[in-house]
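Secondary and tertiary structure notes
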Amino acid sequence: MAIAPELEWLGRPEVSLPHPEITYIGCARCGTQIAGLDGRYACAGCGWVNDWSEGHSPLPEIGLPA
């Protein structure tokens with residue numbers, strides 16, 4: 001099923017962004033090994049989430065329509 005042009009995301013970046021890196025860490029609360037993207041993690045076992053600012057790279061900015 002094709003997405004109608006008017007429903008496509010308008011903030012799509014003009015340049016290609018680097019692919020995120022899958023990283024692993026032991027959960028800070030329960031010790032379960034968890035995977036994340038670029039150093040941002042969320043544990044499905046206990047609900048612990050690290051702060052977004054602890055990631056390995058800046059988050060992409062969103063492009064809002066003018």
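So, here is what we can say about the structure in this document. These numbers come from a predicted model, not from an experiment. (Residues numbered from 1 in each chain as written. Predicted model: local features only at pLDDT ≥ 70, side-chain atom pairs only at ≥ 80, totals over all residues. Heavy atoms only, no water.)

Details of the overall build of the chain
Of the regular secondary structure elements, the chain holds zero helices and two strands. Taken across its 66 residues, the chain has 20% of its residues classed as buried. Sequence separation of at least 24 residues holds for 6% of the intrachain contacts in the chain that already meet a minimum separation of 6. Carbon and sulfur atoms form 60% of the exposed surface of the chain, whose accessible area is close to 5,700 Å². (Helix = DSSP H or I, 4+ residues; strand = E, 2+ residues; numbered from the N terminus. Buried < 20%, exposed > 50% of the residue type's maximum accessible area, 1.4 Å probe, protein only. Contact = heavy atoms within 4.5 Å. Areas by Shrake-Rupley, 256 points an atom, 1.4 Å probe, with all protein chains shown as cover.)

Remarks on the nonpolar core
With five residues, the main nonpolar core is built from Cys27, Ile34, Tyr41, Cys43 and Trp48. Excluding its chain neighbours within four sequence positions, the residues that come into contact with Cys43 are Cys27, Cys30, Thr32, Ile34 and Trp48. (Core = buried A, V, L, I, M, F, W, Y, C linked by side-chain atoms within 4.5 Å.)

Quick notes on the side chain of Thr23
Note that Thr23 resides in strand β1 (residues 22-26). The exposure class assigned to Thr23 is buried, which follows from its relative accessible area of 8%. Side chain to side chain, Thr23 and Tyr41 meet in a polar contact 2.8 Å long. (Polar contact = N/O pair within 3.5 Å; in protein donor to acceptor, adjacent residues only side chain to side chain.)

A look at the environment of Arg40
Along the chain, Arg40 turns up in the segment after β2 (33-37). Separated by 17 residues in sequence, Arg40 and Thr23 have C-alpha atoms that sit 8.3 Å apart. Here the side chain of Arg40 touches Trp52 through a polar contact of 3.0 Å, landing on its backbone oxygen.

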